[in-house]
Amino acid sequence: WIRGNVPGVHIPDPVIERIEKAGKQREEGKRICIELTQQIREIEGVAGIHLMAYRQEESVAEIIERSDVLRGRKPHNVIARWAAFQRGRAAQTAPA
């Protein structure tokens, strides 16, 4: 579907063939995505990927978890970062 309906997307023939031959095509697509994510992670200078699953958004978390790309990374503490940002803003606007 994506190959014929999304301009600018190129999916190599071997990938299409692999998916078409699979008994469970959706699962095979996830496996391919996981493999690619793992391979891209190893490229020097690449800091991340943008992963989208059109109308299958629930698959994104599964793919990230199964690919193990977050291994060794600490989650961002958004609340603490926001509080520090707010403290910095308050310090800038406080009278001297």
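Coordinates for the structure precede this section.
A short tour of the structure in this document, coming up.

It helps to recall that an α-helix has 3.6 residues per turn; residues three or four apart then point in one direction. Of the positions making up helix H4 (residues 58-67), those classed as buried are Ser59, Val60, Ile63 and Ser67. Angularly, the buried residues of H4 cover 105 degrees about the axis, an arc narrow enough to put them on a single face. Exposed residues lying more than 90 degrees from the buried face of H4 are Glu58, Ala61 and Glu65.

It is worth spelling out unusual backbone geometry at this point. Positioned with a positive phi, Asp68 is a non-glycine residue whose angle comes to about 65 degrees. Residue position: Asp68 is located in the loop between H4 and helix H5 (78-93).

Under the definition given, this model contains eight salt bridges. Taking the shortest distance from any N to any O, the salt bridge between Glu27 and Arg31 comes out at 3.9 Å. Pair noted here: Glu27 and Arg31 are both in helix H3 (residues 25-41), with a separation of four residues, about one helical turn. The class of Glu27 is partly exposed, set by a relative accessible area of 23%.

With 17 residues, H3 should cover 24 Å at 1.5 Å per step; its first-to-last C-alpha distance of 24 Å lies within 8% of that length. Those residues of H3 not exposed but buried are Glu28, Lys30, Ile32, Cys33, Ile34 and Thr37.

Working note: a packed helix pair is described by the angle between its axes plus the distance between those axes. Contact geometry of helix H2 (residues 13-21) with H3 gives a least axis separation of 8 Å together with a crossing angle of 140 degrees. Put simply, H2 runs oblique to H3. Contacts from Val15, Arg18, Ile19 and Glu20 in H2 reach Gln25, Glu28, Gly29, Arg31, Ile32 and Glu35 in H3. Of the residues contributing to the contact of H2 with H3, the split by class is three nonpolar, two polar and five charged.

Thresholds, definitions, all that
Along every chain, residues carry numbers that run from 1 in the direction the sequence is written. Residue-level local features of this predicted model are given only where pLDDT is at least 70; pairs of side-chain atoms are given and counted only at 80 or more, and the full residue set underlies all totals for whole chains, interfaces and linings. Excluded from the side-chain calculation are hydrogens and water; included are all heavy atoms of the structure. Each residue is placed in one exposure class: buried if its accessible area under a 1.4 Å probe, protein chains only, is under 20% of its type's maximum, exposed if it is over 50%, and partly exposed if it falls in between. Runs of H or I in DSSP of at least four residues are treated as helices and runs of E of at least two as strands, each being numbered from the N terminus. Taken from the helix axis, the directions to the C-beta atoms give the arc we talk about. Salt-bridge detection follows one rule: a side-chain nitrogen of Lys or Arg within 4 Å of a carboxyl oxygen of Asp or Glu. Here, expected helix span is obtained from the residue count minus one, scaled by 1.5 Å. Geometry is summarised by axes, namely lines fitted to C-alpha atoms with helices restricted to the contacting stretch, and by angles between N-to-C directions that run from 0 to 180 degrees. Angular relationships are summarised with four words: roughly parallel below 35 degrees, roughly antiparallel beyond 145, roughly perpendicular across 65 to 115, and oblique for the angles in between. Between two residues, a contact is recorded if the distance between any of their heavy atoms is within 4.5 Å. Polar here means any residue outside two lists: the nonpolar Ala, Val, Leu, Ile, Met, Phe, Trp, Tyr, Cys and Pro, and the charged Asp, Glu, Lys and Arg; Gly therefore counts as polar.

Interpretation note: all reported values are geometric properties and have no functional meaning in isolation.
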